[in-house]
Amino acid sequence: LWAALALARLSPSERKENGADAALGKAVAFIRRSPIKDGGPAELALRVLLGLRTRDRSRAEELADILAAEQQSDGGWRQAPDLPSDAFATGLAVYALVYVRPLDDAAIARALAFLSETQQPDGTWLVRTRKAGNHDVVISYCGTAVAALGMVEALSARTHVYGDEFVTPFEP
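All values reported here derive from a predicted model rather than from experimental measurement.

**Looking at the overall build of the protein chain**
Thought 1: Along the backbone of the protein chain there are eight helices and two strands.
Thought 2: Going residue by residue from the N terminus, the α and β elements of the protein chain occur as α-α-α-α-α-α-α-α-β-β.
Thought 3: When each of the 172 residues of the protein chain is scored for burial, the buried share is 44%.
Thought 4: Of the contacts formed within the protein chain by residues at least 6 apart in sequence, a portion of 58% connects residues at least 24 apart.
Thought 5: With the model as given, the accessible surface of the protein chain reaches about 9600 Å², and the carbon-plus-sulfur share is 57%.

**Comments concerning the packing of aromatic side chains**
Remark: the centre distance and the inter-plane angle together describe each pair of aromatic rings, the angle taken between the planes.
Thought 1: Applying the stated rule across the entire model yields one aromatic pair.
Thought 2: Seen in terms of ring centroids, tyrosine 95 and tyrosine 99 are 5.6 Å apart; in terms of plane orientation they differ by 80 degrees. Their pairing is edge-to-face.

**Observations concerning empty space enclosed by the protein**
Thought 1: Counting across every chain of the model gives one cavity of 30 Å³ or more.
Thought 2: Its boundaries defined by the atoms lining it, the largest cavity holds a volume of some 110 Å³.
Thought 3: For the largest cavity, the full set of lining residues is Val28, Ile31, Arg32, Arg47, Leu50, Gly51, Thr54, Asp56, Arg59 and Leu63.
Thought 4: Listed by contribution, the elements that provide at least two residues to the lining of the largest cavity are helix H3 (20-33), helix H4 (41-53) and helix H5 (57-69).
Thought 5: Of the residues assigned to the lining of the largest cavity, the class counts are four nonpolar, two polar and four charged.

**Let's talk about the environment of leucine 97**
Thought 1: Structurally, the position occupied by leucine 97 is in helix H6 (residues 87-97).
Thought 2: C-alpha separation for the pair leucine 97 and leucine 67, spaced 30 residues apart in sequence, amounts to 8.2 Å.

**Notes on the pattern of salt bridges**
Thought 1: In the structure shown here, the tally under the stated rule is eight salt bridges.
Thought 2: Glutamate 62 is the partner of arginine 59 in a salt bridge, and the nearest nitrogen-oxygen pair spans 2.6 Å. One end of the pair is arginine 59 and the other is glutamate 62, both in helix H5 and three residues apart, which spans about a single turn.
Thought 3: The exposure class assigned to arginine 59 is partly exposed, which follows from its relative accessible area of 27%.
Thought 4: Connected through shared salt-bridge partners, Asp65, Arg101 and Asp105 make up one network.

**Describing helix H7 (residues 106-118)**
Side chains that are three or four residues apart share a direction in an α-helix, a result of its 3.6 residues per turn.
Thought 1: With 13 residues, H7 ought to run about 18 Å at 1.5 Å a step, and its terminal C-alpha atoms sit 18 Å apart, in line with that.
Thought 2: What H7 keeps buried is the set Ala107, Ile108, Ala111, Leu112, Phe114 and Leu115. Buried residues of H7 fall within an arc of 155 degrees about the axis and therefore sit on the same side.
Thought 3: Check the buried side of H7 and you find it contacts H5, H6 and helix H8 (137-156).
Thought 4: The residue sitting at the N-terminus of H7 and contributing the capping side-chain oxygen is aspartate 105; that oxygen lies 3.1 Å from the backbone nitrogen of alanine 107.

What counts and what doesn't
Residues numbered from 1 in each chain as written. Predicted model: local features only at pLDDT ≥ 70, side-chain atom pairs only at ≥ 80, totals over all residues. Heavy atoms only, no water. Helix = DSSP H or I, 4+ residues; strand = E, 2+ residues; numbered from the N terminus. Buried < 20%, exposed > 50% of the residue type's maximum accessible area, 1.4 Å probe, protein only. Contact = heavy atoms within 4.5 Å. Areas by Shrake-Rupley, 256 points an atom, 1.4 Å probe, with all protein chains shown as cover. Phe/Tyr/Trp six-rings, centres within 6.5 Å; stacked < 30°, edge-to-face > 60°. 1 Å grid on protein atoms, 1.4 Å probe; cavity = no way out; pocket = protein on both sides within 12 Å on 5 of 7 lines; lining within 4 Å. Points joined across faces, edges and corners; volume = space filled by probe spheres on them. Nonpolar A, V, L, I, M, F, W, Y, C, P; charged D, E, K, R; others polar. Salt bridge = Lys/Arg side-chain N within 4 Å of Asp/Glu carboxyl O. Expected span 1.5 Å × (residues − 1). Arc of directions from axis to C-beta. Polar contact = N/O pair within 3.5 Å; in protein donor to acceptor, adjacent residues only side chain to side chain.

Okay, structure coming up:
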């Protein structure tokens, strides 16, 4: 998914010049016929963004609905069913949802509240590692980055609106 999203970011002429067009076509075809593996926020968010980048907005909206339905009662998302909501999963979900949901979407508002409430006094978010006995530092760095990215996109989404049209960097 990450590779396909990166290839989709290239312009059509860049993809054609370096042979990435065929690779992207194969990757997108594979992803489209592959079932959603675990339905977690990371996979769904990437599929939403790839749908937008490949001009399949209806599929992106369908996946965004599935992603929004996985929101927990505390306003966040969790990386796995046995884990609590965290900043990493929530940030990814918000980042994807802001491009396909209305600006006043309740799921986004609840997620922003979750992120605001769980942010540490030093500005970071604590995200627990998924492996027992490991340290939380690395995933907390990642979680902080993704949470901040999601918040910035949600809070700046209003700058992407021109008239009645919502313009996203994921739609060529």
